[in-house]
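Here is what each chain is made of, one letter per residue.
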Amino acid sequence: MNEAVQTSSTFTPRVFSGIQPSGGLTLGNYLGAMKRFVDMQEAGTHETVFCMVDLHAITVWQDPAKLQRATRELCAGFIAAGIDPKKSILFNQSAAPEHAQLAWIFNCVARMGWMQRMTQWKDKAGKNSQNASLGLFAYPALMAADILIYHATHVPVGEDQKQHLELTRDVATKFNHDYGVDFFPITEPVIEGAATRVMSFRDGTKKMSKSDPSDASRINMTDDADTIAKKIRKAKTDPEALPSEAKGLEERPEARNLVNIYAGLSGLTVDQVLADVGGKQFSEFKPMLSDLAVSKLSPISTEMARLMEHQDEIDKILAHGAGQAREIAAPILKKTYEIVGMVGA
Ligand code: AQP
């Protein structure tokens, strides 16, 4: 048995999370992920590492020119939302090749059965799984590598990524066990807040998603005020008035979604929101939600547009971030290779 090279008590408190440049950012990405990234950066209790996961994005077809634009726009979104490249490491995944290198090791640690159980694989591959890419199947092993190449101790994500985080913990546990080390931390998911699962405006049982064919199903972070207001006005609801307590939303997915969004944007709890709006009809609540959404999102979209005028600045930030990321990742990869028995690591 190898001597343990690092124990969990010595792991630097470090947050890692990523977003795919697989389209424009949505309100779901903002409330479920980005807004919380900013909170963790500002809390200052952890080192914070954030990534545009372009290698993940190409597990389904991406037009190369659109991928480049979406990657830069996502970087602009991170900065506009409050991620400060002086406080956090911000980069794109393909610029730190250690992610893909560790992913190969994890492809050899993870089991086929683990991957087959992933609901995201089942949803995205659908009935035509024989025709899905091998990368889509192995997506969770790459995600484990993204996290563990930084020995990240905490990962803020939306509810939909919970199962992948559990798989990351399984990969770390199996690696540590197989090689008799205590090298990778057992990372904690951080799934908190009122809006960890923002739902589609067309169907309250489906996640709001950037790749949903219906643009009306989501708010894009680049939507202007009129578009935001129109989408909220047309969002599916039911005919009842809003309840005064969260229990009253249990069988009402569309109503719950709009209240959760209001809570997520305002920083209030669902109970606080309902104490204020309970008894109101949607005809009254929707304009309140529109005003709030526009007031919170418009400054971000304006700043994103401004930053997109300076793509050379974005590229500089990404290159600097990749350098910082690799300073952490390279020694962890080297040690992993040594543990696995690679000569010349
Ligand atoms: N609807 C959502 N509600 C709350 N959180 C969400 N996230 C995504 N959608 C919601 C969180 O955003 C982070 C980045 O997600 P991603 O872009 O890497 O992939 P995804 O979860 O597959 O998001 P999309 O929008 O549905 O992308 P596509 O359509 O390309 O698959 C994650 O933390 C996620 O939980």
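Everything that follows concerns the structure shown earlier in this document.
A brief look at the structure comes next. (Residues numbered from 1 in each chain as written. Predicted model: local features only at pLDDT ≥ 70, side-chain atom pairs only at ≥ 80, totals over all residues. Heavy atoms only, no water.)

Glancing now at the packing of aromatic side chains. As enumerated under the stated definition, the model contains 13 aromatic pairs in all. Ring centres of Phe50 and Phe78 lie 6.3 Å apart, and the angle between their planes is 25°; on these two criteria the pair is classed as stacked. Remark: Phe78 occurs in helix H3 (residues 64-81) and Phe50 occurs in strand S2 (residues 47-52); sequence separation between them is 28 residues. Residues Phe50 and Phe78 agree in their burial class; the two are buried. Between Phe183 and Phe184, the aromatic rings sit 4.8 Å apart at their centres with planes inclined by 70°, giving edge-to-face as the arrangement. We note that Phe183, like Phe184, is buried. (Phe/Tyr/Trp six-rings, centres within 6.5 Å; stacked < 30°, edge-to-face > 60°. Helix = DSSP H or I, 4+ residues; strand = E, 2+ residues; numbered from the N terminus. Buried < 20%, exposed > 50% of the residue type's maximum accessible area, 1.4 Å probe, protein only.)

Take the layout of surface pockets next. Considering only enclosed or pocket space, the largest pocket measures out at about 1,100 Å³ in volume. Looking at the largest pocket, it is lined by 46 residues, and the ones nearest its centre are Gln120, Lys124, Asp160, Gln161 and Lys207. Mapped by element, the contributors of at least two residues to the lining of the largest pocket are strand S1 (14-19), helix H1 (27-43), helix H6 (119-125), helix H7 (134-148), strand S4 (154-156) and helix H8 (162-179). Broken down by class, the residue content of the lining of the largest pocket amounts to 16 nonpolar, 19 polar and eleven charged. A volume near 290 Å³ is recorded for the second largest pocket. Met112, Met115, Leu134, Phe137 and Ala138 are the residues nearest the centre of the second largest pocket, which is lined by 15 residues in total. Broken down by secondary-structure element, the contributors of at least two residues to the lining of the second largest pocket are helix H5 (112-116) and H7. Per-element tally for the lining of the second largest pocket: the top contributor is H7, with four residues. Residues belonging to the lining of the second largest pocket are distributed by class as follows: nine nonpolar, five polar and one charged. (1 Å grid on protein atoms, 1.4 Å probe; cavity = no way out; pocket = protein on both sides within 12 Å on 5 of 7 lines; lining within 4 Å. Points joined across faces, edges and corners; volume = space filled by probe spheres on them. Nonpolar A, V, L, I, M, F, W, Y, C, P; charged D, E, K, R; others polar.)

Looking now at unusual backbone geometry. Trans is the prevailing form of peptide bonds, just as negative phi is the prevailing case for residues other than glycine. Within the chain, His151 stands out as a residue other than glycine whose phi angle is a positive 50°. Assignment of secondary structure puts His151 in the loop between H7 and S4.

Moving on, we get to a positive patch on the surface. A contiguous patch of positive charge on the surface is contributed by Arg202, Lys230, Arg233 and Lys234. With relative accessibility at 57%, the residue Arg233 sits in the exposed group. (Patch = residues over 30% accessible without salt bridge, like charges linked within 9 Å, V, L, I, M, F, W, Y side chains within 5 Å. Areas by Shrake-Rupley, 256 points an atom, 1.4 Å probe, with all protein chains shown as cover. Salt bridge = Lys/Arg side-chain N within 4 Å of Asp/Glu carboxyl O. Lys, Arg positive; Asp, Glu negative; His and termini not counted. Charge placed at Lys NZ, Arg CZ, Asp CG, Glu CD.)

Once that is clear, we can look at the site of the ligand. What surrounds the ligand is a group of 22 residues, the closest being Lys124, Asp160, Ser209, Lys210 and Ser211. The cavity that encloses the ligand is the largest pocket. Residue assignment for the shell around the ligand shows that the elements contributing at least two residues are S1 and H1. Top element by residues in the shell around the ligand is H1. It accounts for four residues. Taken together, the residues that form the shell around the ligand break down as six nonpolar, eleven polar and five charged. (Near = heavy atom within 4 Å. Sits in = over half its atoms within 2 Å of the grid points.)

On to the nonpolar core. By size, the foremost hydrophobic cluster in this structure holds 57 residues, and its most contacted members are Leu27, Tyr30, Phe78, Ile261, Leu265, Phe285 and Leu297. Looking at this core, the element that brings in the most residues is helix H12 (residues 282-308), giving ten residues. Residue assignment places this core across two domains, with domain 1 (3-196 + 310-340) and domain 2 (215-306) each supplying three or more. When sequence neighbours within four positions are dropped, the list of residues in contact with Tyr30 reads Lys35, Ala81, Met221, Leu265, Leu297 and Ile300. Counting residues in each nonpolar core, the second largest holds 48 residues, with Val49, Ala96, Tyr139 and Met143 among its members. (Core = buried A, V, L, I, M, F, W, Y, C linked by side-chain atoms within 4.5 Å. Domains from an automatic or database assignment. Contact = heavy atoms within 4.5 Å.)

Okay, empty space enclosed by the protein next. The tally for this structure, following the rule as stated, stands at two cavities of 30 Å³ or more. In this structure, the largest cavity occupies an estimated 50 Å³ of space. In terms of lining, the largest cavity is formed by Gln20, Gly23, Gly24, Leu25, Ala70, Glu73, Leu74, Lys210 and Met304. For the lining of the largest cavity, the element with the highest residue contribution is H3, accounting for three residues. When its residues are assigned to classes, the lining of the largest cavity shows four nonpolar, three polar and two charged. The computed volume of the second largest cavity comes to approximately 30 Å³. Every residue lining the second largest cavity is listed: Met118, Gln120, Trp121, Leu136, Tyr139, Pro140 and His164.

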